[in-house]
Amino acid sequence: METEIFTISVNLPTHEEFGERFPQYGKYASNEGRFLFERIVSPECFISARAATLDLQLPALAGIADICYQLVKDQGTLEWRGFIKQFIGAVVCKLMEDNGFEKTGRKRSVPHSNFTKGEVYRLADDNK
């Protein structure tokens, strides 16, 4: 058996860059939502979101929905509510856009009981 190494470069946005794109969530990403922001903005989460998008034709969020839900649940001080889900969607958006994807303007169901719909992304024309 041969072993090959596969690497992928992932652009990871900073809190500041995220706050410029989504000012309504910038302060939250740097404070009480920091633990969630830092987990989502990781190579592992991007690869999962990318696979959900390209391989399964699902919203990017589908690739990390359970990770996000479990993280909030285990953290214990935040209530699972609409604001948290919207914040997660914004972080996923920034991560996807910074890595060559664009919104399609379509929403699809997320196959996770604690989410409803998520944005569908596609590779931007210059990344195909």
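Everything in this summary refers to the structure shown in the same document.

1. Some remarks on the overall build of the chain
Here is step 1 of the chain: What the chain contains, in helices and strands, is 6 helices and 2 strands.
Here is step 2 of the chain: Moving toward the C terminus, one meets the helices and strands of the chain in the order α-α-α-α-α-α-β-β.
Here is step 3 of the chain: Taken against the 2.2 N^0.38 rule, which gives 14 Å for 128 residues, the C-alpha radius of gyration of the chain at 15 Å falls within 12% of a compact globule.
Here is step 4 of the chain: Along the first, second and third principal axes, the C-alpha set of the chain runs to 45 × 30 × 30 Å.
Here is step 5 of the chain: By the burial criterion, 40% of the 128 residues in the chain qualify as buried.
Here is step 6 of the chain: For the chain, the exposed surface amounts to about 7600 Å²; the carbon and sulfur share of it is 47%.
Here is step 7 of the chain: Here the chain carries 16 positive and 18 negative side-chain charges, and the mean point of each set is 8 Å from the other.

2. Description of the nonpolar core
Here is step 1 of the chain: Core analysis: the biggest nonpolar cluster contains 32 residues, and F18, L36, I40, F87, I88, V92 and M96 have the highest contact counts within it.
Here is step 2 of the chain: Mapped by element, the contributors of at least two residues to this core are helix 2 (23-30), helix 3 (34-40), helix 4 (43-54), helix 5 (65-75) and helix 6 (82-97).
Here is step 3 of the chain: Ignoring any residue separated from it by four or fewer positions in sequence, one finds F18 in contact with Y25, G26, A29, F37, F87, A90, V91 and K94.

3. Let's talk about helix 5
Here is step 1 of the chain: Taken together, the buried positions of helix 5 are occupied by A65, C68, Y69 and V72. Axial view of helix 5: buried residues confined to an arc of 95°, hence all on one face.
Here is step 2 of the chain: Structurally, helix 5 contributes buried residues whose contacts are with helix 3 and helix 6.
Here is step 3 of the chain: Backbone geometry just downstream of helix 5 places G76 in the positive-phi region, at approximately 85°.

So, how was this worked out
- Residues numbered from 1 in each chain as written.
- Predicted model: local features only at pLDDT ≥ 70, side-chain atom pairs only at ≥ 80, totals over all residues.
- Heavy atoms only, no water.
- Helix = DSSP H or I, 4+ residues; strand = E, 2+ residues; numbered from the N terminus.
- Rg over C-alpha atoms; globule rule 2.2 N^0.38 Å.
- Buried < 20%, exposed > 50% of the residue type's maximum accessible area, 1.4 Å probe, protein only.
- Areas by Shrake-Rupley, 256 points an atom, 1.4 Å probe, with all protein chains shown as cover.
- Lys, Arg positive; Asp, Glu negative; His and termini not counted.
- Charge placed at Lys NZ, Arg CZ, Asp CG, Glu CD.
- Core = buried A, V, L, I, M, F, W, Y, C linked by side-chain atoms within 4.5 Å.
- Contact = heavy atoms within 4.5 Å.
- Arc of directions from axis to C-beta.

Interpretation in functional terms is not warranted from these geometric data alone.
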